Each structure stands twice: as structure tokens, then as C-alpha cells.
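Report on the structure
So you can see what is in the structure, the chains are spelled out below.
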Amino acid sequence: MASLPDNNSGSKTLSDAWDFKGRPAVRSLTGGWASAAMILGVELWERLTTLGIAVNLVTYLTGTMHLGNAVSANTVTNFLGTSFMLCLFGGFIADTFLGRYLTIGIFAAVQASGVTILTISTAAPGLQPPRCDNPASGSCVKATSGQLGVLYLALYLTALGTGGLKSSVSGFGSDQFDDADKSEKKQMMRFFSWFFFFINLGSLLAVTVLVYVQDNLGRKWGYGVCALAIVVGLSVFLAGTKRYRFKKLVGSPLTQIAAVVVAAWRKRKLELPSDPSMLYYGDSDAETGLKKSTKQSLPHTTDYRFLDRAAIINPGTTAPQTKWSLSTLTDVEEVKQVIRMLPTWATTILFWTVYAQMTTFSVSQATTMDRHIGRHFEIPAGSLTVFFVGSILITVPIYDRLIVPLARRFTGNPHGMSPLQRITVGLFLAIFAMIAAALSERKRLHAAHNGVTLSVFWIIPQFLLVGSGEAFTYIGQLDFFLRECPKGMKTMSTGLFLSTLSLGFFLSSALVSIVHKVTGSSGKGTWLADNLNEGKLYNFYWLLAALSVVNVVVFLLLAKGYVYKEKRMAAEGLEMEEEVCMH
């Protein structure tokens, strides 16, 4: 990213960034912290809104809409799962068609419209069933399909806006800094630190201030504030248009993966050449008619060789070659690298299934417990996640200041722990969290059967353990995907990471549905009863603990055999040098 002198202004322009009029961006007039701050504001309100809705939604569904615990839990996890899954869709739209700026603007407006409809649905009496003083009795009138339809429309419009917005905010923020300039590169690293800070600030405000407003002033006021905040954030974002730096569209990595798979399938009957030098490396060729590849060539690897067929030049074809019929070997190798990451990707999904319980059944538990601090203040059930967020904020500095220096002595790793080691710690903490949750639920149930209301502080350990686990797993996953994703697929890294969250929430919904169907909704053997005092929620926690044990064993076996890209590339390079010497 070299800087070019602008003879007219005497300022420097950037070779790979443009202003809002399509002219080379002037360094002194665009980008930097002034632009990044306007982008961070959008992320703050997005996090406040999404988490503020999710952490307290289960109490609204059970207490106001009169749905059962299992249905309510699945509604929350499906909402969150859809939000994160749509990040892949948003990333595809941004990389292929709209660019990050337009994607943020459009999807922020979509999110604002969703939250506005949600506000209306909680304010209009006709969009809720008749009030009931004892929802746990099961005799209350449940919400009609029409009332639920409006609620679901609001939730999934919000999810669509969240997915599209979240996919582009961090990338567009980093676009405001030139990583070829030492000073701006340092600022970019600080931007990611502030980005993480704003995410947690939004989370903290959501589980404290917003939940308090919802429970004490009314949902319509809580959601109305969110809708207004998003509109204000969007207005501030748009006001910075003249200062932003824009990058050209690079195309979606999903398209590259699809193209390699399609090209390999089309040539599945062709014999693989014994010499990989016969494969297409991306040089311009009169025979192919394709332009020379601008990517740095990657060494050929021998695993997943069926994909190599995508790079075979078929001399028998007369049709013009496209990326759907002929891929470069580098494109093939990048797809192979994504495939190598999939086992690790799959075995981190269950952690987020455990995480999902903190916004569903753990909140339901809290509603049945004594939440008073002193005589006059009662903690809102949804605000218990403040211990979860606080645990994350405490774990990060403890890891940096205490664990990293200690781990260096044992591992020899200058970073203390590798990404996979950090994920391992997070997976073990998830097991301990579910064990703690099962034990505390047994104690709560025993107390309830004896007419005693247990203090809510008995379930705090499960929030603290999952929060600490997220600090390890979240950062470990992000580091792993950023490090291991090919350079040509960097936008894929965030999508892969967020898809584990999405699938974790969907897996939670599937497990709840299966358990609810097998054990029933009422009776002696019910696990997930509408009235928690009549169910056996602890068995569901034990199930998650057992699945987590199996999962961590599989993860450890896969991690033991995984070779990091840096080491593999070094080994492949050495092998290539030896072959050259032999010849």
C-alpha cells in the first residue's frame, strides 16, 4: 500500500483507498480515528440492542406471551443463531455487491425497523394475550399465531440487520487505517482493542441498564430506547461519509470455494498428473485465456488430492475457460486449508451450546429464586449475565498478566498458549460450568420442594465459569481462524468463527426439542417442564456436561494431529528445496 504524492494538494494519497467520490483518498483528510469512532458507535448500539433483547427475552415469552420454557428457550437460541449465521450472508453481500459502507448503512436501517416493530408489539395491547398473574400455572391464555407472527417478524428483521451489520463493522473500521504506514498500523491494532472494548461496553449496558428499564419501566421503553439509539448511531455513521476511506470489492471467498469444488467435479473423470508442475499455477496462457493470478503461489500439498482436478488444464475443451472450469493451484490450496480447519471448527460448536443456556434456562432459574440485595433492591433475572460479562473482563487481564508468563516457562511459546490450547481451556471450563449448573439446580429444586426460596447467588458459578470459558474460547478461536485462514480468504475467518456461535445456538434448540419430545412437557419424568419446580432441568445440564466431555476428547485428538500453517508451509518449502537439489 504505497503512498503517492498528490501534486495538486501537496498531501499524500493512498494507492488502494478512495474517498466517497471515487478519488484516491487523501491521507490527511480521510480515515484515522475520526472515522473509526463513528463506526465504533454503530457496533456499540448493535451489541446493546441484540444482547439486550436476547438476555431478557425468555422472561417476556414466558411471563407475557405465556409460552412454555422449552419453546421460549428455543425462540431465544433461534434468534441468536440466525443473527450470527446471517453474518455469512452479510459478508457475501459486502464482498461481492455492496461494499462494507453500504452494507452497514442498509442493514443498520433494517435492524432499526425490526426493533421499532418489536417496540410496537410490546406497546400495543392487542399484540399480547390477556394478562395472567401466575404464568407458571399453565392456565394462562397463550399468544395467538397473529401475535407471535408480529413478534417473530420483529425479531428476525432485527436478526437480519444484526448479521449484515456485524459482518462489516470491524472490516470497515480497519479500512480507515493504512497498515503500510507504521503509525497507522499501530492505530489499527488499538482500533481492534477498542472494538473489543465497545462490544463488552454494549454488553454491560445491555444486561444492567437496559434490562432494568425493561423490567421496571416497561419493555416498550427499553426497546424504544434501542430503536432510537440505532437511528442516532446510523445518522452519525452517515455523517462521516466524506471522511471514510473505501476499498474496492474483492469478491467473496464462498464463491472461490464453490468454484474450486465445481471445477473439480466437472473434471472428476480426468487422471491426476503425477507431476504437480503440470497443474495450472495462474500464469497467463493463450490456451486458457485467463489473466495472470495476482496471488502469491502456495506449495502443492498431497492431501485432498481430488480437488487438484480443478487445476488441470483440459486440452480437449474448446469452451472459454472461467474460474468455474479452471482454478489456479493457489486457489485449490487455499480451499484445502479451509477443509483442514473444519474438524476444529466443528468441535468448538458445543461450547456455544453451553453458552446458550446462560441466556435461556439459567435466566428461567433466576426468576424462581430470591434475587434481593438488601430489602429494597431486586436484581432483574436478565441482569444476572452481568456476572458473565464481568467474568470475561476479569479473565482477559488475568490471562495476560499471570497465565501467559507462567505458560511461557512450560510451553516455550512467546504468546504463552497456542490458539488450540486456549480453546482447550475454554472447553474444560464449559464442562465445569454444566456440572456446577446441575448441582445448583438440584439444590434449588430440593429447597423449593421444602418451601424454601434459594438465593440466586447459588447459580452465579455457572455464569462465571462460562464467562471465563468464553474469554479463552472466543479469543482462541479468533486467533486460530485469523492465523490459519489463507491470505486470500481473510474475510472468511470472521464468518467461520461466528458460524460456530450460530450452530451452537441451533444445536441447543435441537437438543431442547429432542429432550422435550422424549421426556414430555408434564409428568414425573419431565426434564424441561413449564414450571421448573416440576421438572428435572439438572438432567439436561448433566447431558450437556457428558456431551462436552466427549467433545473435548475428540477435540484433543484432532488438536494433537493438527499442524499449524506456518510449520506446514516451512516443511513444504524445505521439501521443495530438497527436490530442486536432487534435480
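The coordinates are above.
Structure report, in brief. Since we're looking at a predicted model, the values are computed, not measured.

**Focus on the overall build of the chain**
Broken down by element type, the chain carries 15 helices and five strands. On C-alpha atoms alone, the chain measures out to a radius of gyration of 26 Å, which is about the 25 Å that the 2.2 N^0.38 rule sets for 583 residues. Its C-alpha atoms put the chain at 85 × 55 × 55 Å along the principal axes. For the chain, the residues scored as buried account for 52% of the 583 residues in total. Restricting to contacts in the chain with at least 6 residues of sequence separation, those with at least 24 account for 79%. For the chain, the accessible surface area stands at approximately 26,800 Å², while carbon and sulfur atoms represent 64% of it. Between the averaged position of the 51 positive side-chain charges in the chain and that of its 38 negative side-chain charges there is a distance of 6 Å.

**Let's talk about the state of the cysteines**
Scanning all chains against the criterion turns up one disulfide. Note on cysteine connectivity: Cys-132 is disulfide-linked to Cys-140, with sulfurs 1.9 Å apart. Between Cys-132 and Cys-140, the S-S dihedral sits near -60°, and the bridge is therefore left-handed. Looking at Cys-226, it has no disulfide partner, and the nearest cysteine sulfur is the one in Cys-87, 18 Å off. Take Cys-226: its relative accessible area is 0%, and that puts it in the buried class.

**Quick notes on the packing of aromatic side chains**
One pass over the full model with this rule turns up 25 aromatic pairs. On the numbers, 5.0 Å between centres and 85° between planes, the contact of Phe-351 with Trp-352 is edge-to-face. Since its relative accessible area comes to 0%, Trp-352 is described here as buried. One aromatic cluster is present, formed by Phe-84, Phe-351, Trp-352, Tyr-355, Phe-388 and Phe-505 through successive ring pairs. The ring of Tyr-538 carries the charged tip of Arg-442 above its face, separated from the ring centre by 4.6 Å.

**Comments concerning the environment of Phe-506**
By the secondary structure assignment, Phe-506 is in helix H13 (residues 490-519). Relative accessible area serves as the criterion here: at 27%, Phe-506 is assigned to the partly exposed category. Considering only alpha carbons, one finds Phe-506 and His-300, 206 residues apart in sequence, at a separation of 37 Å. If we ignore the near neighbours within four places in the chain, the residues touching Phe-506 are Asn-78, Gly-81, Thr-82 and Met-85.

**Brief notes about the pattern of salt bridges**
As enumerated under the stated definition, the model contains 14 salt bridges in all. Among the ionic pairs, Arg-245 bridges to Glu-184, the shortest N-O distance being 2.9 Å. Here Glu-184 lies in helix H4 (residues 182-216) and Arg-245 lies in the loop between helix H5 (219-239) and helix H6 (253-266), a separation of 61 residues in the sequence. With relative accessibility at 8%, the residue Glu-184 sits in the buried group.

**Looking at the environment of Ser-183**
Within the secondary structure, Ser-183 sits in helix H4. Considered as a pair, Ser-183 and Pro-273 are 90 residues apart in the sequence and their alpha carbons are 48 Å apart.

About the criteria used
Starting afresh in each chain, residues are numbered from 1 along the sequence in its written order. It should be noted that, the model being predicted, local features are given only for residues of pLDDT at least 70 and side-chain atom pairs only at 80 or more, the latter also being counted only at that level, while totals for whole chains, interfaces and linings use all residues. Hydrogens and water are ignored here; the side-chain numbers use all heavy atoms of the structure. Only DSSP runs of H or I with at least four residues qualify as helices, and only runs of E with at least two residues qualify as strands; both kinds are numbered from the N terminus onward. Restricting the calculation to C-alpha atoms gives the radius of gyration, and the globule rule supplies 2.2 Å times the number of residues raised to the power 0.38. We call a residue buried when its accessible area falls under 20% of the maximum for its residue type, exposed when it is over 50%, and partly exposed in between, using a 1.4 Å probe and counting protein chains only. We call two residues in contact whenever any of their non-hydrogen atoms come within 4.5 Å of each other. We get accessible surface area from the Shrake-Rupley algorithm with a probe of 1.4 Å; when it comes to residues, only the shown protein chains can shield them. Counted charges follow a simple rule, with Lys and Arg positive, Asp and Glu negative, and His plus the chain ends left uncounted. By convention, the point assigned to a charge is CZ for Arg, NZ for Lys, CD for Glu and CG for Asp. Cysteine sulfur atoms are paired as a disulfide whenever they come within 2.5 Å of each other. Side-chain rings of Phe, Tyr and Trp (the six-membered ring for Trp) are treated as a pair once their centres are within 6.5 Å; stacked means planes under 30 degrees apart, edge-to-face means over 60, and tilted covers the remaining angles. In this scheme, Lys NZ or Arg CZ marks a charge over a ring once it lies within 6 Å of the ring centre and within 35 degrees of the ring normal. Throughout this description, the term salt bridge denotes a Lys or Arg side-chain nitrogen within 4 Å of a carboxyl oxygen of Asp or Glu.

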